[in-house]
Amino acid sequence: MAETKQSKPPAKKAAPSKAVSTESKLARLGLRTDMDLVLHLPMRYEDETEVIDIRAACLRGGQTSQVEGIVTKNEITYKPRKQMIVHIADDTGELMLRFMNFYGSQTRQLAEGTRVRARGELKHGFFGAEMVHPSYKIVNEGAPLPTSLTPVYPSGEGLSQPVLRRAIADAMGRVDWTDTLPPRLIEKMQLHGFEPAVRLLHNPPQQVDEHALAERSHPAWTRMKFDELLAQQLSLKRAQDARRQKGAAPLAAVGSLTAAFQAALPFRLTGAQARVLEEIRADLRQPYPMQRLLQGDVGSGKTVVAALAATQAIDSGFQAALMAPTEILAEQHFRKIAGWMEPLGVKVAWLTGSLKKKDKMAASALAESGEAQLVIGTHALIQETVQFARLGLVIVDEQHRFGVGQRLTLRNKGADGLVPHQLMMSATPIPRTLAMTYYADLEVSVIDELPPGRTPIVTRVIDQNRRDEVIERVHAAALDGRQVYWVCPLIEESEALQLQTATETHETLAAALPDLQVGLVHGRMKPAEKQEVMDAFTAARVHVLVATTVIEVGVDVPNASLMVIEHAERFGLSQLHQLRGRVGRGSAASVCLLLYQSPLGPVAKQRLATMRETTDGFEIARRDLEIRGPGEFLGARQSGQAMLRFADLETDGWLVDQARDVAHALLHDPAGQPVVEAHLERWLGGREEFLKV
Ligand code: ADP
Ligand code: MG
């Protein structure tokens, strides 16, 4: 049987690319070693194990079928453009194979009288039944059919399926198939053996459960996923070990400043805050750098926990730095924390990009001399020019908004070649499986309780055409002494348009509510202007604050208890949740009105329903993951994302747990060491660079 199969038409006027070797084409796909090839598993399968009569295929119509016939005519036509039409027939009927792009050699190959097996989707065209660009093979009469499904591999330019298949088959003959997992583990976990699993996936037997194969729920796939997740967990643990090899200054003193700070707080820590604080305190005492993510829903009180971590650093004679992603958020922190600490004699410096050069230099000097015990600011903090005398702790708020690189720079700012401890905070709750697999080497603390006295937020979803009623409601609320956020629609395509909308909304509302003070805050305002408006709102001199998403994070005005979000259908779930978290912070019953423009698409509908049904950030994150899938959930910036080829975090969460347990057991058993080595070598082959963050 000649290997002339062709599933894709050759590109028009394609230059012969013999010059590039198969080897380098494989390398482009990341396939360098024999094991790389063996683990290059099919993305799907084609069923060529069956040939059906042309008549039967025609009756089935619209489906992919394989037929076999003799070429009765081969013609080139030019209407509407050049194409080759090959007529084939068997005892039951006839069929046309239509090729828009073809090589001259194919005309000769498919000459009259040739027996051909063609596989493709059968359509009923104007001139009768036809297959457009079928894959085909020239065969002899009675040539055996494949007994297994035909794998289709992820491929690259100029690399045909037969070549890839050949290379993989050759590699399978050369690799060492020794199972990396010990037999008792395989038995206990009821896993497929490595070799049989891989062989089955490359050459599935005829009687295989095709559905399970396609869905990747077949035990052979489970073995691959498990192995992959295990390799990931093992290398995460290794990265953790490597971190522990690095030195950090132990910040052991929970001393007089901490005590004074805690005594001055106007409230008691919640149970959850106290618990995560203990976790952080224990980490800070270690001589290796903490790397902890503090997760807590919007309003759960992360700031005070961060401040208490900072006082521990200061009590221990070191400096702490707090970095926030936006100027407005950094400023909120500065005001709040400086307000707490300065009366206790702590020197707090303020450092952001928008400072005048002179002020920036002054702030840098305070950091460098060590006079500032706490430095708060934006990413200007991590610029090369800023040096710290004794930086012991770095706190990063809303860490998911910072790039990996930015976080890395901070690490290099420790004193005496030591790495500072790192505390990252996030209100975007990350489902546990994601946290475990996407964030390399991170300890996670969760504040799962809100401070007492919060009133639940009632959320209503309202058609945009009832805007007038909503304005009435705003009016009534303001007269009642409550304050209101009015969030303008997100216009992703154009910042200018967004700005215009915000300005117009402000004008309309100011005109509609002449007896109220209506303020405006947006991203293009100068920091000082922004602050002025925010101050007026905080002091209740402004009743209604029209805002773009700049208020998404960090704004804290407890008296604000009504929020209106226009065109809520344009926002993502986590953004809506963050926005809504600006209300419900005081004792007044809070309301969030989500205005939407109908008709709503199915996804937007789901999102708004979720917002109406729950205020639990973790539940929202879980649904978000469901609606969007993990890749989009985290954005391309996160590390480790490209790592999982086979496992799917949505459906294979249970396997993540098992892999984690097995990784733990192997690493704590001296006899496990060779297993760890062999497994990492097989699955990562030294490619661990994604774990460096
Ligand atoms: P987030 O976790 O969203 O950053 P914040 O730290 O801004 O939340 O806290 C939200 C509000 O709750 C602030 O006004 C803060 O002072 C207040 N708060 C924090 N902890 C407590 C507590 N234990 N009891 C009462 N109020 C608290
Ligand atoms: Mg916060």
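In the annotation of an unreviewed UniProt entry, the protein chain is listed under the name ATP-dependent DNA helicase RecG and assigned to Pseudoduganella umbonata. Here the protein chain is described in UniProt, under the heading Sequence similarities (unreviewed entry), as follows: "Belongs to the helicase family. RecG subfamily."

(A) Region of the structure containing the overall build of the protein chain. Each helix and strand counted, the protein chain has 25 helices and 21 strands in total. Residues classed as buried in the protein chain amount to 54% of the 693 residues present. Partitioning the intrachain contacts of the protein chain with sequence separation of at least 6 by distance along the chain shows that 77% fall at a separation of at least 24. In the form shown here, the protein chain has an accessible surface area of approximately 31,300 Å², with 51% of it arising from carbon and sulfur atoms.

(B) Structural context of helix α9 (residues 219–245). A rise of 1.5 Å per residue sets the reference length of α9, with its 27 residues, at 39 Å; its end C-alpha atoms lie 39 Å apart and thus fit the reference within 8%. Within α9, 21 of the 27 residues are buried, which leaves it mostly tucked inside the rest of the structure.

(C) Expanded view of the site of ligand 1. Residues in contact with ligand 1 amount to 17 residues; listed here are only the nearest, Gly299, Lys302, Thr303, Arg454 and Asp556. Gly299 is positioned such that a nitrogen or oxygen atom in its backbone is 2.6 Å from an oxygen atom of ligand 1. Here an oxygen atom of ligand 1 sits 3.1 Å away from a polar atom, N or O, in the main chain of Gly301. Notes on ligand 1: free accessible area 570 Å², of which the protein chains cover 84%. Its residues assigned to classes, the shell around ligand 1 comprises 4 nonpolar, 6 polar and 7 charged.

(D) Inspection of the nonpolar core at higher detail. Met341, Leu374, Leu393 and Leu423 are the most contacted members of the largest nonpolar core, which totals 63 residues. Considering every element that reaches this core, the biggest residue donor is helix α12 (residues 302–315), with 9 residues.

(E) Structural context of unusual backbone geometry. Following Ser598, the chain continues into Pro599 via a peptide bond in cis, with omega recorded as 0°. Within the element layout of this structure, Pro599 appears in the loop between β21 (590–596) and α21 (602–613). Phi is positive for His133, which is not a glycine, with a value near 45°. Turning to its location among the elements, His133 is positioned in the loop between β6 (128–132) and β7 (135–138). Backbone geometry places Ala540, a non-glycine residue, at a positive phi of 65°.

(F) Highlighting the sheet that holds strand β17 (residues 483–487). A sheet is described by the order of its strands in space; here 6 strands give the open sequence β16-β21-β20-β17-β19-β18, paired in parallel fashion. Of all the strands in the sheet, just β16 (457–463) and β18 (518–521) have a single pairing partner and so form its edges. Pairs of neighbouring strands in the sheet enclose a mean axial angle of 20°, with direction left out of account. Of the pairings in the sheet, the one linking strand β20 (residues 560–565) to β21 comprises 4 bridges and is parallel in character. Each residue of the ladder has a partner; that of Leu562, found in β21, is Val591. Where helix α20 (residues 573–580) meets the sheet, it contacts β16, β17, β20 and β21, and its direction lies at approximately 150° from that of β20. In this fold α21 packs onto β16 and β21, with an angle of close to 150° to the strand it touches most, β16.

(G) Highlighting helix α5 (residues 161–174). Compared with an ideal rise of 1.5 Å per residue, which puts 14 residues at 20 Å, α5 spans 20 Å between its outermost C-alpha atoms and is within 8% of the ideal. Here α5 has its buried residues at Gln161, Pro162, Leu164, Ala167, Ile168, Ala171 and Met172. Where the residues of α5 are buried, they touch α1 (22–28), α2 (34–38), β8 (150–152) and α7 (194–202).

(H) Quick look at the sheet that holds strand β14 (residues 421–426). Spatial strand order, β11-β12-β10-β13-β14-β9-β15: 7 strands in an open sheet with parallel pairing. Each end of this open sheet is capped by a strand with a single partner; those strands are β11 (348–351) and β15 (443–447). Mean inter-strand twist for the sheet, computed between neighbouring axes without regard to direction, equals 20°. In terms of strand pairing, strand β10 (residues 319–323) meets strand β13 (residues 391–396) through 5 bridges, oriented parallel. Of the residues in β13, the one forming a bridge with Met323 is Val396. Its contacts with the sheet put helix α13 (residues 327–341) on β10, β11 and β12 (374–377), and the angle it makes with β11 is roughly 170°.

(I) Quick look at the pattern of salt bridges. Inspection of every chain in the model, using the stated rule, returns 23 salt bridges. Between Glu469 and Arg466 there is a salt bridge; the shortest N-O distance is 3.2 Å. Note on Arg466: relative accessible area 39%, which makes it partly exposed. The partner of Glu613 in a salt bridge is Arg623, and the shortest N-O contact between them spans 2.9 Å. Of this pair, Glu613 sits in helix α21 while Arg623 is found in helix α22 (residues 617–628), placing the two residues 10 residues apart along the sequence. Using a relative accessible area of 19% as the deciding quantity, one classes Arg623 as buried. Residues joined in a network through salt bridges with shared partners are Glu68, Arg115, Arg117 and Glu141.

(J) The packing of aromatic side chains, seen in detail. Throughout the structure, instances matching the rule amount to 7 aromatic pairs. Look at Trp221 and Phe646: their rings are 5.7 Å apart centre to centre, the planes differ by 50°, and that puts the pair in the tilted class. Of this pair, Trp221 sits in helix α9 while Phe646 sits in the loop between α23 (630–634) and α24 (653–667), and the two are 425 residues apart along the sequence. Overall, Phe646 belongs to the buried group, its relative accessible area being 7%. One aromatic cluster in this structure is built from Trp221, Phe646 and Trp683. Above the ring of Trp221, the side-chain terminus of Arg216 is found at 4.1 Å from the ring centroid. The aromatic ring of Phe194 is capped on one face by Arg682, whose charged end is 4.1 Å from the ring centroid.

Thresholds, definitions, all that
Position numbers for residues start from 1 in each chain and track the written sequence from start to end. Chains and ligands are labelled sequentially in the order written, the chains with letters from A and the ligands with numbers from 1. In keeping with the model being predicted, local features are shown solely for residues with a pLDDT of at least 70 and side-chain atom pairs are shown and tallied solely at 80 or more, while totals for entire chains, interfaces and linings include all residues. The side-chain numbers reported here are obtained from all heavy atoms of the structure, hydrogens and water having been left aside. UniProt positions are given in the numbering used here, feature names are shortened, and annotations may be inferred rather than shown by experiment. Put simply, DSSP H or I for four residues or longer makes a helix, DSSP E for two residues or longer makes a strand, and each gets a number counted from the N terminus. Only protein chains enter the area calculation, which uses a 1.4 Å probe; residues under 20% of their type maximum are buried, those over 50% are exposed, and those in between are partly exposed. Only heavy atoms enter the contact rule, under which two residues are in contact if any of them lie within 4.5 Å. With residues, only the protein chains shown are counted as cover, and all accessible areas are computed by Shrake-Rupley using a 1.4 Å probe. Helix span, expected: 1.5 Å multiplied by one less than the number of residues in the helix. Note on definitions. A residue lies near a molecule or strand when any single heavy atom of the residue is within 4 Å of it. Whenever two N or O atoms come within 3.5 Å, that pair is a polar contact, provided that in protein one can donate a hydrogen and the other can accept it, and provided that, for residues adjacent in sequence, both atoms are side-chain atoms. Classes in brief: Ala, Val, Leu, Ile, Met, Phe, Trp, Tyr, Cys and Pro nonpolar; Asp, Glu, Lys and Arg charged; the others, Gly included, polar. Joining through side-chain atoms within 4.5 Å is the link that ties buried Ala, Val, Leu, Ile, Met, Phe, Trp, Tyr and Cys residues into a set, and such a set is a nonpolar core. When DSSP finds at least two bridges between two strands, those strands are taken to pair. Helix axes use the C-alpha atoms of the stretch in contact, all axes being lines fitted to C-alpha atoms, and the angles between their N-to-C directions lie in the range 0 to 180 degrees. Salt bridges, as used here, are contacts in which a Lys or Arg side-chain nitrogen is within 4 Å of a carboxyl oxygen on Asp or Glu. In summary, the pairing rule links any two rings of Phe, Tyr or Trp, Trp by its six-membered ring, whose centres are within 6.5 Å, and it sorts them by plane angle into stacked for under 30 degrees, edge-to-face for over 60 and tilted for everything else. Put simply, a charge is over a ring when the Lys NZ or the Arg CZ is close to the ring centre, within 6 Å, and near the line of the ring normal, within 35 degrees.

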